[in-house]
Amino acid sequence: MSLNKVMLIGNVGKDPEIRYIDNGVCTATMSLATSTPGYTLPNGTQVPERTEWHRIVLWRRLAEIVERYVRKGEKIYIEGQLRTRSYTDKKGATRYVTEVWADNLELLGGRPAAGQPAAAQTTAAPQQAQQPSASPFETPAADGTDLPF
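Here is what the cut-offs are and how they apply
- Residues numbered from 1 in each chain as written.
- Predicted model: local features only at pLDDT ≥ 70, side-chain atom pairs only at ≥ 80, totals over all residues.
- Heavy atoms only, no water.
- Helix = DSSP H or I, 4+ residues; strand = E, 2+ residues; numbered from the N terminus.
- Buried < 20%, exposed > 50% of the residue type's maximum accessible area, 1.4 Å probe, protein only.
- pLDDT = per-residue confidence, 0-100.
- Contact = heavy atoms within 4.5 Å.
- Phe/Tyr/Trp six-rings, centres within 6.5 Å; stacked < 30°, edge-to-face > 60°.
- Lys NZ or Arg CZ within 6 Å of the ring centre and 35° of its normal.
- Pairing = 2+ DSSP bridges.

Draft legend 1. Representation of unusual backbone geometry in the model. Positioned with a positive phi, Asn23 is a non-glycine residue whose angle comes to about 60 degrees. For Asn23, the location among the structural elements is in the loop between strand E2 (17–21) and strand E3 (25–36). Even without glycine at this site, Arg60 takes up a positive phi of about 50 degrees. Note that Arg60 resides in helix H1 (residues 60–69). Judged by its relative accessible area of 53%, Arg60 is exposed.

Shown next, in the form of structure tokens:
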């Protein structure tokens, strides 16, 4: 048995690159930054924050969602698998690229930057649809009187 699964939470490095290929299939690529916070060792040595960059590839419906809602700086959750491909550069050298092919995407929100288009500011709408609804037997009071304490 083997497992190839990646789960990342990070910030989008720049606006996604969107392409439509054969038969109108949408594909998107973007960079995602994940960070490990800095810390101090017991002997006083400072270890700085470390940022890793990941290349994310999305297809079809996920790519269409990214095109509509995701912009630079937004926090997202990506789940997928690692894929490595090779190519030959202009000098004839073989190069390798490791990418995360996304199977799942969740928009975690964040503050939209001033001047972003309205589509980028509507990321809260898909998130609200994912939240569990209240029990049909409970009707929460708007004035906070339903608190048990």
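Okay, back to it.
Draft legend 2. The confidence of the model for the protein, seen in detail. With 73% of its residues at a pLDDT of at least 70, the protein reaches an overall mean of 80. Model confidence for the protein, summarised as mean pLDDT per element, is weakest for helix H2 (residues 124–130) at 37 and strongest for strand E6 (residues 50–59) at 95. Contacts of residues 117–142 to residues separated by more than four positions or lying in other chains number 22 contacts, the stretch itself having pLDDT below 50.

Draft legend 3. Region of the structure containing the packing of aromatic side chains. The full count for this structure, using the stated rule, is one aromatic pair. Arranged with centres 5.7 Å apart and planes meeting at 40 degrees, the rings of Trp59 and Trp101 form a pair that is tilted. Remark: Trp101 occurs in strand E8 (residues 94–107) and Trp59 occurs in strand E6; sequence separation between them is 42 residues. Trp59 sits in the partly exposed class, given a relative accessible area of 30%. Directly above the ring of Trp101 sits Arg83, whose terminal nitrogen or CZ lies 4.0 Å from the centroid.

Draft legend 4. Spotlight on the pairing of E6. Note that E3 and E6 share 10 bridges and pair antiparallel. Across the sheet, residue Thr27 finds its bridge partner in E6, namely Trp59. Note that E6 and E8 share two bridges and pair parallel. Each residue of the ladder has a partner; that of Ile56, found in E8, is Val100.

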